[in-house]
Amino acid sequence: QVQLVESGGGLVQPGGSLRLSCAASGTILSINAMAWYRQAPGKQRELVAVITSGRNTNYADSVKGRFTISRDNAKNTVYLQMNSLKPEDTAVYYCSANVFTTATMTSRDYWGQGTQVTVSS
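Residues numbered from 1 in each chain as written. Predicted model: local features only at pLDDT ≥ 70, side-chain atom pairs only at ≥ 80, totals over all residues. Heavy atoms only, no water.

Peer 1: So what's going on with the state of the cysteines? Which residues, and what values?
Peer 2: Under the criterion given, the structure shown has one disulfide. Here C22 is linked by a disulfide to C95, with a sulfur-sulfur distance of 1.9 Å. Note on the C22 and C95 pair: the S-S dihedral is about 40°, so by sign convention the disulfide is right-handed. With a gap of 73 residues between them, C22 in strand β3 (residues 18-26) and C95 in strand β9 (residues 91-101) connect regions that are remote in the sequence. Accessibility assignment for this pair places C22 and C95 in one class, buried. (Disulfide = S-S within 2.5 Å. Helix = DSSP H or I, 4+ residues; strand = E, 2+ residues; numbered from the N terminus. Buried < 20%, exposed > 50% of the residue type's maximum accessible area, 1.4 Å probe, protein only.)

Here's what the structure looks like:
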């Protein structure tokens, strides 16, 4: 019904930047909050940033001032601009969206497949 596809991950040196994108497609009527999570090896998945339909944002303390979440409602896409990357930012990054679908006439959370971000010299 709904698919989320992430892109933009890769290998970057410490201090570098990456921009992640996540596009939602399918039987979408509206999208509420959109978010980015990450999961490092051996650790639990954690919330990185969230943006509401009204574009209110919230960030994990560890990324405040370095990461910026944004969205393009016309494209059903959420972005994560990551600057001043650190080795501890290395993880698989997942996007999530709370989507109201025409197929079910209900809303639920959907997840992308994840994209690897590696910060290393």
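Peer 1: Account for the nonpolar core, with residues named and values stated.
Peer 2: Considering soluble globular proteins, one finds that nonpolar side chains tend to be buried as a cluster. Core analysis: the biggest nonpolar cluster contains 31 residues, and W36, L80, M82 and Y93 have the highest contact counts within it. Only β1 (2-7), β3, β4 (28-39), β5 (46-51), β7 (67-72), β8 (77-82), β9 and β11 (115-119) provide two or more residues apiece to this core. Sorting elements by how many residues they give to this core places β9 first, with five residues. (Core = buried A, V, L, I, M, F, W, Y, C linked by side-chain atoms within 4.5 Å.)

Peer 1: A description of the sheet that holds β7 should follow, citing residues and the corresponding values.
Peer 2: One open sheet holds the four strands; their spatial order is β1-β3-β8-β7, and the pairing between them is antiparallel. Each of the sheet's edge strands pairs with one partner strand only, and the pair in question is β1 and β7. Each adjacent strand pair in this sheet contributes to an overall mean axis angle of 15°, direction not counted. Where β1 lies against β3, six bridges are found, and the strand directions are antiparallel. Bridge assignment links E6 to a residue of β3, and that residue is C22. (Pairing = 2+ DSSP bridges. Axes fitted to C-alpha atoms, helices over the stretch in contact; angles between N-to-C directions.)

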